[in-house]
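Architecture and fold: a report
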Amino acid sequence: MPGFEVIGEEEKQAVVDIFDRSNGVLFYRGFDERRNHIFRVLDFEAAFAQRIGARYAQAVTSGTAALKVALKALGIGPGDEVITQAFTFVATVEAILDTGATPIVVDVDDTLNMDPDALRAAITPRTKAVIPVHMMHTAAAMDAILPIAQEHGLFIVEDTAQACGATYQGKTLGTWGHLGCFSFDFGKTITTGEGGMVVTDDEELFRLARSYHNHGHAFLPGVPPGEEPGIMPGFNFRMTELQAAVGLAQLKKLDFILARQRANKAMMKAFLEPEAEALGIRFRRVLNPDGEGGDTLVFFTGSRERARAVARHMAQHGVGTKLLPGAERWHFAGYWEWIFRDHPLYAEDWSTRWAASARWLEQAVALPVMVLDEPKDIERKMRVVLDALRATA
Ligand SMILES: *Cc1c(COP(=O)(O)O)cnc(C)c1O
């Protein structure tokens, strides 16, 4: 599935290097002589920006921090509404709440990404931004979302936490909107243990993001740390040299990870596709089949009961599913009682509000695609999936 499968000697050497060559300077700036002018966070930002095709990148402590920093750079706060989707990791909504803005959570469709019609219907005069989430390495309908946002003067922040390196219509995800947010937690495409990145082409947004992530210090290259003026109330979301060193090593493996995932997903799909109709399944609609990262194969089984039976059969034969249907708790807003029970907008109906999303999610089975699986591993797992589907057809 992700970077943790291929973490090893290169990452280890990169960390040792921080002690051997940077003399153990773990902070992202200052101590220039002592660190032999080695700056891994700055290197990681530059390399990441280049790989993604963005002008600027700001390293932060997590994907959740990336979302918060992006929203703060846009000046979003109390009284503003930010639209996102019901199928996402809870962090997207947490970041909106943490700015004091109101999350407006809309349905996903059979892409399992934001339904552009639901976005349009949710826009009010208070809407400031939309956060489409590219779930499980596939693109949200950016070609539909972009004109809607432009028509209403909304900012777009892409939650690209699950889609590092994927493209849509030839353009890398994370570069369609004003800002793109990435996560490097241990389950993501590339990992630094914990970590994140905000990318943008907008110099002013970058300046504000860089400032906010570092207690509001003005970003003035050349001025010693601590001597800059403050320009805004900020916070500390700084990445360490250790994370960045690992990140640089992982980034070099991104294209290998994507190539292997795409090939393995195609191989997995080939087991089911010829029989899809007879098996009574339908694949998730993927808008960017050539550009997706391919970390998950999702199909709809027709009912919640059948999806659960398939997952159960697979578990009994030692094959795991991902997120759906059993692990929805942290990824579907319809389960987030602890988030919504006291929220004036959601307290009444959070458990039934996103019926359209629930209908797709409940009948979905999600198969994780492993980077290092060999054809014989895939065949063994897919035979189990086929058996499970035949047994429940
Ligand atoms: C993982 C994830 C995040 C949060 O990233 P962290 O680095 O774990 O804080 C945000 N959004 C989505 C869709 C994610 O999958």
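Residues numbered from 1 in each chain as written. Predicted model: local features only at pLDDT ≥ 70, side-chain atom pairs only at ≥ 80, totals over all residues. Heavy atoms only, no water.

**Some thoughts on the packing of helix α11 (residues 304-316) against helix α14 (residues 375-392)**
Running from N to C, α11 and α14 cross one another at 140°; their axes reach a closest spacing of 9 Å. Of the possible angle classes, the one that applies to α11 and α14 is oblique. Considering how the two elements wind past one another, α11 and α14 form a crossing that is right-handed. Contact residues: α11 offers Arg 306, Ala 309, Val 310, His 313 and Met 314, while α14 offers Val 384, Val 385, Asp 387, Ala 388, Leu 389 and Thr 392. Grouping the constituent residues of the contact of α11 with α14 by class yields seven nonpolar, two polar and two charged. (Axes fitted to C-alpha atoms, helices over the stretch in contact; angles between N-to-C directions. Helix = DSSP H or I, 4+ residues; strand = E, 2+ residues; numbered from the N terminus. Parallel < 35°, antiparallel > 145°, perpendicular 65-115°, else oblique. Left-handed = near helix turned anticlockwise from the far one by under 90°. Contact = heavy atoms within 4.5 Å. Nonpolar A, V, L, I, M, F, W, Y, C, P; charged D, E, K, R; others polar.)

**Some words on the domain arrangement of the chain**
Looking at the chain, the domain boundaries give domain 1 (3-254) and domain 2 (255-325 + 363-392). The C-alpha-based centres of domain 1 and domain 2 are spaced at 29 Å. Listed by partner, the interface residues are 28 residues for domain 1 and 25 residues for domain 2. By the criterion of area lost to domain 2, the three top residues of domain 1 are Glu 5, Asp 110 and Met 136, representing 30% of everything that side buries. In this structure, the connection of domain 1 to domain 2 is made through four salt bridges. Arg 285 is the salt-bridge partner of Asp 109, the closest N and O atoms lying 3.7 Å from each other. Between domain 1 and domain 2 we count 18 residue pairs in polar contact (both at pLDDT 80 or more) in total. Residues belonging to the side of domain 1 that touches domain 2 are distributed by class as follows: 14 nonpolar, nine polar and five charged. (Domains from an automatic or database assignment. Buried area = accessible area lost by both parts, 1.4 Å probe. Salt bridge = Lys/Arg side-chain N within 4 Å of Asp/Glu carboxyl O. Polar contact = N/O pair within 3.5 Å; in protein donor to acceptor, adjacent residues only side chain to side chain.)

**Concerning the pairing of strand β8 (residues 179-183)**
Of all five residues in β8, five are buried, a share of seventy percent or more. Residues Leu 179, Cys 181 and Ser 183 line one face of β8 and the alternating positions Gly 180 and Phe 182 line the opposite face, and both faces are buried. Pairing of strand β5 (residues 155-159) with β8 involves three bridges; the strand directions are parallel. Looking at the pairing, Asp 159 lines up with Cys 181 of β8. Pairing of β8 with strand β9 (residues 196-200) involves four bridges; the strand directions are antiparallel. (Buried < 20%, exposed > 50% of the residue type's maximum accessible area, 1.4 Å probe, protein only. Pairing = 2+ DSSP bridges.)

**Describing the site of the ligand**
Taken together, 15 residues are adjacent to the ligand, and Gly 63, Thr 64, Ser 183, Asp 185 and Lys 188 come closest. Between Thr 64 and the ligand, the recorded distance is 2.5 Å, taken from a side-chain N or O atom to an oxygen atom. At 2.8 Å from an oxygen atom of the ligand is found a side-chain nitrogen or oxygen belonging to Gln 162. About the coverage of the ligand: the protein hides 94% of its 380 Å² of free accessible area. Within the shell around the ligand, the residues separate by chemical class into four nonpolar, eight polar and three charged. (Near = heavy atom within 4 Å. Areas by Shrake-Rupley, 256 points an atom, 1.4 Å probe, with all protein chains shown as cover.)

**A short note on the nonpolar core**
Judged by nonpolar contacts, the single largest core of 47 residues is most densely connected at Ile 83, Phe 340 and Trp 354. Contributing elements (two or more residues each) for this core: β3 (102-106), α5 (116-122), α6 (142-151), β11 (296-300), α12 (337-340), α13 (355-362) and β12 (364-368). It is α6 that contributes the most residues to this core, four residues altogether. Shared between two domains, this core takes at least three residues from each, and those domains are domain 1 (3-254) and domain 2 (255-325 + 363-392). Residues Ile 96, Leu 179, Leu 208 and Tyr 212 belong to the second largest nonpolar core, which totals 26 residues. (Core = buried A, V, L, I, M, F, W, Y, C linked by side-chain atoms within 4.5 Å.)

**Observations concerning the pattern of salt bridges**
Counted according to the given criterion, the structure contains 29 salt bridges. A salt bridge links Arg 40 to Asp 43; its shortest N-O distance comes to 2.9 Å. In this pair, Arg 40 and Asp 43 both sit in helix α2 (residues 40-52), three residues apart, roughly one turn of the helix. For Arg 120, the salt bridge identified is with Glu 151, shortest N-O distance 3.4 Å.

**Quick look at the sheet that holds β9**
Taking strand neighbours across the sheet as the criterion, the seven strands line up as β1-β9-β8-β5-β4-β2-β3 in an open arrangement whose pairing is mixed. A strand with exactly one partner marks an edge of an open sheet, and here the two such strands are β1 (56-60) and β3. With strand direction ignored, the average angle separating the axes of adjacent strands in the sheet is 25°. Sheet topology note: the strand β2 (residues 81-85)/strand β4 (residues 127-130) ladder contains three bridges and is parallel. Residue pairing for β4: Ile 83 is matched across the bridge by Val 130. Helix α4 (residues 91-98) contacts β2, β3 and β5 of the sheet and is inclined by roughly 150° relative to β3.

**Re the pairing of β11**
Burial within β11 is extensive, with five of its five residues counted as buried. Of the two faces of β11, the one carrying Thr 296, Val 298 and Phe 300 and the one carrying Leu 297 and Phe 299 are both buried. As paired elements, β11 and β12 share five bridges and run antiparallel to each other. Within β12, the position partnered with Phe 299 by the bridge is Val 365.

**Description of the side chain of Gln 85**
Position of Gln 85 relative to the elements: it lies in strand β2. Gln 85 gets classed as buried once you look at its relative accessible area, which sits at 0%. From its side chain, Gln 85 meets the backbone oxygen of Phe 87 in a polar contact 3.0 Å long. Polar side-chain contacts of Gln 85 include one of 3.3 Å to the backbone nitrogen of Met 114.

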